[in-house]
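One-letter residues, chain by chain:
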Amino acid sequence: MGSSSSNLDAAVGQGSKHICIIGVGPVGLGALKVVKDAPQFKAGLWRVTAFEAREKIGGIWYPAPPDGDPPLTALYESLSANTPHPLMCYMSYPFPPGTPLYPSADTIYKYLEDYAEHFGLTPQIRLSTPVTAVHWDASSSTWNVTVSGDAGSEILPFDLVLVANGHFRVPRIPDTKGLEAWRAHGKITHTAWYRRPKDFAGQKLLVVGGGYSGLDVASDTRPFASEVIHSITGAPSQDTDGGRFKRRGRVAEYRGPREGKVVFEDGSVESGIDTVVLATGYQFNFPFLGEPEVVSGMPPSPSLSPVPPVLRNSTYHLWPMAKHMFPLVMAYPPSSIAFLGLPLRVAPFPLAEVQTQAALKVFAAPGPLDLAHEAAAFRTEKGDDPMVIADAWFRFGFKEMFDYRDELYEFVGDAYRIPRWERELFEEKDFLREQWRALEEDGKAEEWSRGSGRVGSRSRSGESSCGRFTAMSGKGATHIRVSRKAVNLIRNCREDIRFE
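Quick notes on the rules
Residues numbered from 1 in each chain as written. Predicted model: local features only at pLDDT ≥ 70, side-chain atom pairs only at ≥ 80, totals over all residues. Heavy atoms only, no water. Helix = DSSP H or I, 4+ residues; strand = E, 2+ residues; numbered from the N terminus. Contact = heavy atoms within 4.5 Å. Areas by Shrake-Rupley, 256 points an atom, 1.4 Å probe, with all protein chains shown as cover. Buried < 20%, exposed > 50% of the residue type's maximum accessible area, 1.4 Å probe, protein only. Pairing = 2+ DSSP bridges. Axes fitted to C-alpha atoms, helices over the stretch in contact; angles between N-to-C directions. Salt bridge = Lys/Arg side-chain N within 4 Å of Asp/Glu carboxyl O. Core = buried A, V, L, I, M, F, W, Y, C linked by side-chain atoms within 4.5 Å. pLDDT = per-residue confidence, 0-100. Parallel < 35°, antiparallel > 145°, perpendicular 65-115°, else oblique. Left-handed = near helix turned anticlockwise from the far one by under 90°. Nonpolar A, V, L, I, M, F, W, Y, C, P; charged D, E, K, R; others polar.

S.K.: Would you mind going over the overall build of the protein in detail, with residue names and values included?
M.R.: Scanning the protein for helices and strands turns up 17 helices and 22 strands. If you take every contact in the protein between residues at least 6 apart in sequence, the share linking residues at least 24 apart comes to 63%. Of the roughly 21100 Å² that the protein leaves accessible, carbon and sulfur atoms contribute 50%.

Given below as structure tokens:
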């Protein structure tokens, strides 16, 4: 993989190009590794510097107290992977043998540290150096990147900017009627500040949101709270555990914060609620990018033709984007900046690698990025409404993530395609996660993890993260209550997985 020899030849004579990576979480680390693998970097034609605001790498996986507005990370004590690690890991680096199928946060953080050390990434990383501004300088055809460090502020020119600052920090607060009054009374928080379930001991708790964090908080707090109500849009009302755990639909209104009264979309009412934990997601936020490079809000008209002059951030999506990563605008060259890891419902580690390969291909030779074709593709696939298009453009279904990665592999000239077992296992990942948690509760997870990675051939060296499940599928299908289909998917992974 990497850029072609023709791209390398094209770079000769242009002088050394400097690449900036903003953020050294999982996506930024993957990007840095790919840049260092590029023949232009090895030939001395490209340089790269990655800036990280915090004192260590890791992004969301590097813990921090729930201080600040917002906190430095949304990491809570019970957070673990929501995707099996054979699907989650970088294509270039497997989790070590014996890793639990759904690793904990500290295991993932150690994996990221090992990844950086293994590939020698630290010399190009500047820690405790936040990027405060990024502006396009048309006169020099470079990006002026302002950073802040111990020595003060400095402005550095870069030829390519790879934005990898993540999108799980700034909380999204819904505009539900009455919510602001509850916030004023200190009865509303967000999962960005959530750390441990015992903080809600004895409380009647309302958890709002049906994503992974909402499910985790509702599950974690049940042994501690006097009562947990979980609000999920469209969910039917259901009471279990003698009424100590309730599922309700969307919150329609927050009434009387002193009485703790909430009305749900079906008209039902709950009173005496002590605290509301919002698990309502996060905003796309790029504080270092402002006008004219990025404008707040959506386009004022549905017209997308021929190519919009500016990039817009609605906080739900960055729009418009070619290939989900290149600004489809005319204000600056789309080949000079790429936004990595924006799509939702994806495995970001392997996606970061192939997205960076695509960014480097276009940076080295912009020709393959056909802006007119990319603009027309929006209407062909999604219609004319920019809000509908933008929302669908970043929120992938189960199959779309893999189709997208395959399209990028084709774009960069890589013959690799996502194997069928990986697509099917991804569709089973939530069911498997439930069963894995049951194993953990039964104290059997360590036994099942022992020896994993020693059978199979995802790696070219003969190792795989799936071997233990192959070896134990006989008794495991009964003990863990995993469906035969899921066990077969894990078994089949040994045939097609690739590491380099």
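Now that the structure is up, let's keep going.
S.K.: Describe in detail unusual backbone geometry, supporting the description with residues and values.
M.R.: A cis amide bond links Asp 69 with the next residue in sequence, Pro 70, at an omega value of 5 degrees. Within the secondary structure, Pro 70 is located in the loop between strand E2 (46-51) and helix H4 (85-88). Here the amide bond leading from Trp 319 into Pro 320 is cis, since omega sits at -5 degrees, within 30 degrees of zero. As for its placement among the helices and strands, Pro 320 is situated in the loop between strand E19 (318-319) and strand E20 (321-322). You will see that Ser 128, though not glycine, has its phi angle at about 50 degrees, which is positive. Checked against the element boundaries, Ser 128 lands in the loop between strand E3 (125-126) and strand E4 (131-137). Judged by its relative accessible area of 36%, Ser 128 falls in the partly exposed class. Even without glycine at this site, His 324 takes up a positive phi of about 65 degrees. The exposure class assigned to His 324 is buried, which follows from its relative accessible area of 9%.

S.K.: For the sheet that holds E4, give the residues involved together with the corresponding values.
M.R.: Spatial strand order, E4-E5-E6: three strands in an open sheet with antiparallel pairing. The sheet terminates laterally at E4 and strand E6 (152-158), the two strands that pair on one side only. Strand-to-strand twist across the sheet, computed as the mean angle between neighbouring axes with direction ignored, equals 20 degrees. Across seven bridges, strand E5 (residues 142-149) lies against E6 in antiparallel orientation.

S.K.: How would you explain the sheet that holds strand E8 (residues 188-190) if you had to name every residue and give the values?
M.R.: Read across the sheet, six strands follow the order E8-E16-E9-E10-E12-E11 without closing on themselves; strand pairing throughout is mixed. Where the open sheet ends on each side, the last strands, each with one partner, are E8 and strand E11 (238-240). Across the sheet, the axes of successive neighbouring strands diverge by a mean angle of 20 degrees, strand direction being ignored.

S.K.: Tell me about the pairing of strand E13 (residues 251-255), and name the residues and values.
M.R.: For a regular strand, the rule is simple: side chains alternate between the two faces of the sheet. One ladder, built from four bridges, connects E13 with strand E14 (residues 261-264); its direction is antiparallel. Bridging from a neighbouring strand, Val 251 pairs with Phe 264 of E14. The loop that links E13 with its antiparallel partner E14 comprises five residues; one of these, Gly 256, has a positive phi angle of about 25 degrees.

S.K.: Which residues make up the pattern of salt bridges, and what values do they have?
M.R.: One pass over the full model with this rule turns up 23 salt bridges. In this structure, Asp 430 engages Lys 429 in a salt bridge whose closest nitrogen and oxygen atoms are separated by 3.6 Å. Salt bridges sharing common partners tie together Lys 204, Glu 227, Asp 239, Lys 246, Arg 248 and Glu 270.

S.K.: Outline helix H11 (residues 398-412), supporting the account with residue identities and numerical values.
M.R.: Every α-helical turn comprises 3.6 residues, leaving residues that sit three or four positions apart pointing alike. Those residues of H11 that sit buried are Met 401, Phe 402, Tyr 404, Arg 405, Asp 406, Leu 408, Tyr 409, Phe 411 and Val 412. Looking at the buried residues of H11, the elements they touch are helix H8 (348-364) and helix H12 (420-427). Phi turns positive one or two residues past the end of H11, at Gly 413, with a value near 85 degrees.

S.K.: Can you tell me about the pairing of strand E10 (residues 227-231), naming the residues and giving the values?
M.R.: For E10, a buried count of five out of five residues is recorded, marking the element as mostly surrounded by other parts of the structure. Side chains of E10 alternate between two faces, with Glu 227, Ile 229 and Ser 231 and Val 228 and His 230 buried alike. Here strand E9 (residues 204-208) pairs with E10 via five bridges, running parallel. Looking at E10, one finds that Leu 206 is bridged to Ile 229.

S.K.: A description of the environment of Phe 326 should follow, citing residues and the corresponding values.
M.R.: In this fold, Phe 326 is placed in strand E21 (residues 326-327). C-alpha of Phe 326 to C-alpha of Phe 339: the two residues are 13 residues apart in sequence and 6.6 Å apart in space. Residue contacts for Phe 326: discarding those within four places in its chain leaves Pro 320, Met 321, Pro 334, Ile 337, Ala 338, Ala 358, Ala 359, Val 362 and Leu 369.

S.K.: Tell me about the nonpolar core, residues and numbers included.
M.R.: Membership of the largest hydrophobic core comes to 91 residues, with the highest contact counts inside it found for Ile 19, Leu 29, Trp 46, Trp 61 and Leu 162. When residues in this core are grouped by element, the largest group, ten residues, is from H8. Those residues in contact with Trp 61 that lie beyond four places of it in its chain are Pro 26, Leu 75, Leu 79, Ser 80, Met 88, Ala 105, Ile 108, Tyr 109, Leu 112 and Phe 349. Counting residues in hydrophobic clusters, the runner-up holds 27 residues, among them Ile 22, Val 147, Met 321 and Phe 339.

S.K.: So what's going on with the confidence of the model for the protein? Which residues, and what values?
M.R.: For the protein, the mean per-residue pLDDT works out to 85, and 82% of the residues sit at or above 70. Segment residues 8-13 is flagged for pLDDT under 50; beyond a separation of four residues in sequence, or across chains, it makes seven contacts in the model. In the model, residues 491-500 has pLDDT below 50 throughout and makes 39 contacts with residues more than four positions away in sequence or in other chains.

S.K.: Account for the packing of helix H2 (residues 26-37) against helix H5 (residues 105-118), with residues named and values stated.
M.R.: A pair of packed helices is captured by two measures, namely the crossing angle of their axes and the spacing between those axes. At a minimum axis distance of 11 Å, the contact between H2 and H5 shows a crossing angle of 15 degrees. Considering their axes alone, H2 and H5 lie roughly parallel with respect to each other. Judged by the sense of rotation from one axis to the other, the crossing of H2 with H5 is left-handed. Touching Pro 26, Leu 29, Gly 30 and Lys 33 of H2 are Leu 112, Tyr 115 and Ala 116, all from H5. Of the residues belonging to the contact of H2 with H5, the class tally is five nonpolar, one polar and one charged.

S.K.: Outline the packing of H2 against H8, listing residues and values.
M.R.: Relative orientation of the contacting elements H2 and H8 amounts to 45 degrees, with a least axis distance of 8 Å. Comparing their axes, H8 and H2 come out oblique. Taken as a pair, H2 and H8 cross one another with a handedness that is right-handed. Residues Pro 26, Val 27, Ala 31, Val 34 and Val 35 of H2 form the contact with H8, whose participating residues are Pro 348, Phe 349, Ala 352, Glu 353, Thr 356, Gln 357 and Leu 360. Of the residues assigned to the contact of H2 with H8, the class counts are nine nonpolar, two polar and one charged.

S.K.: Any details on the environment of Pro 157? Residues and values, ideally.
M.R.: Tracing the sequence through the fold places Pro 157 in strand E6. Along the primary structure Pro 157 and His 18 are separated by 139 residues, whereas in three dimensions their C-alpha atoms are 7.8 Å apart. Sequence-distant contacts of Pro 157, that is, excluding residues within four places in its chain, are made with His 18, Thr 142, Trp 143 and Asn 144.

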